[in-house]
Number of protein chains: 2
Amino acid sequence: MTIAQPYLLFLADAPHAKTAFGVRHWRPEACAAQFRYPGSALDLALPEMTPAQAAAAGVRTLLIGAAPAGGMLPERWIADLVAALRAGMDIASGLHARLTDVPELVAEAKAAGRRLHDVRHPTESFTIGGFERRPGKRLITVGADCAVGKMYTALAIERELRARAVAADFRATGQTGILIVGSGISVDAVISDFVAAAAASLSPAAAPDHWDVVEGQGSLFHPAYAGVTLGLLHGSQPDAMVLCADPSRTTLGDFDAYPQPDLAECVTRYTDCARLTNPDARVVGVSLNTSAFSAAAAEALIAQTADRLGLPCVDPVRTGVAAIVDRLDLSGG
Amino acid sequence: MTIAQPYLLFLADAPHAKTAFGVRHWRPEACAAQFRYPGSALDLALPEMTPAQAAAAGVRTLLIGAAPAGGMLPERWIADLVAALRAGMDIASGLHARLTDVPELVAEAKAAGRRLHDVRHPTESFTIGGFERRPGKRLITVGADCAVGKMYTALAIERELRARAVAADFRATGQTGILIVGSGISVDAVISDFVAAAAASLSPAAAPDHWDVVEGQGSLFHPAYAGVTLGLLHGSQPDAMVLCADPSRTTLGDFDAYPQPDLAECVTRYTDCARLTNPDARVVGVSLNTSAFSAAAAEALIAQTADRLGLPCVDPVRTGVAAIVDRLDLSGG
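Residues numbered from 1 in each chain as written. Chains lettered and ligands numbered in written order. Predicted model: local features only at pLDDT ≥ 70, side-chain atom pairs only at ≥ 80, totals over all residues. Heavy atoms only, no water.

1. Description of the layout of surface pockets
Moving on, step 1. Computed from the structure, the second largest pocket encloses a volume of approximately 290 Å³.
Moving on, step 2. What lines the second largest pocket is a set of 19 residues, and nearest its centre among them are Tyr258 and Pro259 of chain A together with Arg275, Leu276 and Thr277 of chain B.
Moving on, step 3. Secondary structure elements with two or more residues in the lining of the second largest pocket: β11 (255–259) and α9 (263–274) of chain A.
Moving on, step 4. Residues of the lining of the second largest pocket, tallied by class, amount to nine nonpolar, three polar and seven charged. (1 Å grid on protein atoms, 1.4 Å probe; cavity = no way out; pocket = protein on both sides within 12 Å on 5 of 7 lines; lining within 4 Å. Points joined across faces, edges and corners; volume = space filled by probe spheres on them. Helix = DSSP H or I, 4+ residues; strand = E, 2+ residues; numbered from the N terminus. Nonpolar A, V, L, I, M, F, W, Y, C, P; charged D, E, K, R; others polar.)

2. Looking at the sheet that holds strand β7 (residues 168–171) of chain B
Residue and element names in this part refer to chain B.
Moving on, step 1. If you trace the six strands from one edge of the open sheet to the other, you get β7-β8-β6-β9-β12-β13, paired in parallel fashion. A single partner strand is all that each edge strand has here, and the edge strands are β7 and β13 (313–314).
Moving on, step 2. Looking at chain direction, strand β6 (residues 137–143) and strand β8 (residues 211–214) are connected through four bridges and run parallel. By the bridge assignment for β8, Lys137 is matched with Trp211.
Moving on, step 3. Here helix α8 (residues 226–236) sits on the sheet in contact with β6, β8 and β9 (240–245), set at roughly 165° to β6. (Pairing = 2+ DSSP bridges. Contact = heavy atoms within 4.5 Å. Axes fitted to C-alpha atoms, helices over the stretch in contact; angles between N-to-C directions.)

3. Thoughts on the interface of chain A and chain B
Moving on, step 1. Residue-level contacts link 32 residues of chain A with 32 residues of chain B.
Moving on, step 2. Interface area, chain A with chain B, both sides summed: about 2600 Å², of which 60% is carbon and sulfur.
Moving on, step 3. It is Ser192, Tyr258 and Leu276 of chain A in chain A that bury the most area against chain B; as a group they hold 21% of the surface buried on that side.
Moving on, step 4. Linking chain A with chain B are zero salt bridges, by the criterion used here.
Moving on, step 5. Looking at the side of chain A that touches chain B, the elements with two or more residues in it are α7 (195–202), α8 (226–236), β11 and α9 of chain A.
Moving on, step 6. Considering each element in turn, the side of chain A that touches chain B owes the most residues, six residues, to α8 of chain A.
Moving on, step 7. Split by residue class, the side of chain A that touches chain B holds 20 nonpolar, eight polar and four charged. (Buried area = accessible area lost by both parts, 1.4 Å probe. Salt bridge = Lys/Arg side-chain N within 4 Å of Asp/Glu carboxyl O.)

4. Remarks on the packing of aromatic side chains
All names here are of chain A.
Moving on, step 1. Tallying each qualifying case throughout the model produces 16 aromatic pairs over all chains.
Moving on, step 2. Here the aromatic rings of Phe35 and Tyr37 are separated by 5.8 Å at their centres, their planes lie at 75°, and the arrangement is edge-to-face. Across the pair, Tyr37 and Phe35 agree in class, each one buried. (Phe/Tyr/Trp six-rings, centres within 6.5 Å; stacked < 30°, edge-to-face > 60°. Buried < 20%, exposed > 50% of the residue type's maximum accessible area, 1.4 Å probe, protein only.)

5. Examining the relation of the copies chain A and chain B
In this arrangement, two copies of a chain are superimposed by a rotation about an axis accompanied by a shift along the axis.
Moving on, step 1. Here chain A sits on chain B after a turn of 180° about the axis and a move of 0.0 Å along it, with an RMSD of 0.0 Å. Expressed as an axis order, the relation between the two copies is that of a two-fold axis. (Least-squares fit on C-alpha atoms with pLDDT ≥ 70 in both.)

Here you go:
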């Protein structure tokens, strides 16, 4: 799935726009304009354009980067989406509700020769491969829990690598990441038999000094999603893993009955599991989301964690990720 | 997915009928008749009936228990499948090719008010649950590799438990098992996000002394399928695991580049992973497929394995599974 950029970020009258803000932050060059309805409280500090104006200015895709209440596609948005198609733009959406379930959009897209991208719903087929080692280097972010900063950390590492003139590509595995970079696979929506194969296809053979930075999903310690995590880990055959955690939590974010795992146990389990497909796999650092703590408390937590685990520890927002990237072998060896 | 029994086992002109022979072996009471084309070399030692005769005799479902070359549904079978629908029977198939992709069958089934069961292709939706501990006891067969006897071992344990007057149900997770017992979920065809939830729904809360015997899938040591295995393990929250292996293999059956894992490492990894959702989980025995060995060599292998791992070891075909069932806590405590 490859989505043509640049984007018109469609905010409409939505109360939140996490995806749009993510695209704006990580790929400003992909963001040409925004389209808000009167009264919108959101602002991405981009030029205001209607779909017709955006198309005339060379914009390729209207991106639904805002979540309406309930996740359904509001009827009142349809006319503007149709206008975008007629003006020559594709539409991309990260909503659960499918664009392709709206007959009017399907008909208009067909008539206009445009594409509808439902990035939560993969349409590709995957072939089970041989899982032999592929050339190129791979890093994956892994979690003690869900929603602990795996996407953010991976994007920060991609940015840091590129700043050091290292060839690096973020590989998106969830809807927000896919919309940010314009390609990827929602691995949790793939038929379970093909998750590892899909992950393998996402970071194909590359030059020896190229780094793929794969967005991890879920957690090996989450009762509902660990299978997705493991399939993604095996298919990605990472050389390096960065463990992401939220030290303010004592239980899983969405399952109170389950405790947060110990970080040392996470390092061991992820390493044991990853070595099935890459015997050189190791955890190279820890990324904490310390937003719930004061600056002083966060600094102490980061130092303690680094000391206890013997690994560089960062908060990508507070400290950046240079301390982790310093530890990667960037020689292509 | 619940399939009405008894069955007419449809062999037609297929060269192999692994599923039909499995149903005949494990659920003889569900097998009313067979239907062969002239020249068939297969024989299930059942009465011969056409679809019309079978329906008149009270048969509920025509079961496609034979695999045609290529896995596609042969055009020459369609007329007999239509006859079965018109005579009042459902049709169940474990083929990759879907009955519901054949417009003629869909139309005839609708007209006759009958059902088409494509057991490889789940149609249910699953809800992510709380993964709290459920009452009742659960055993799952787990593998060092794929195709090492997990279904056979689970069915043998169900039979042994029932022979001891213990309430027990085999829970099928693959197409052959589903056709044998008439219900289940092909977990490897479920969207990856929902595998653990699907597995949880397959062995619901039960009486404290009831045993669900869950058919395992794949292996934690298989690079392509470990994610399915882990999701199934977590959703099943097993009290007991039986480790299945084929000691004649040195590499994975379908991936020469991967070695067979050490059985002691399997015991450790499966236990570590299963304890996430059931802290009492433990491996209670080992089931070897020793069909490649002489009786004397098999006996020695079984004894050595039991001694080395400190666990009862069986070959379900040669020795039965009583030695493992002896070690289960059947008190309901």
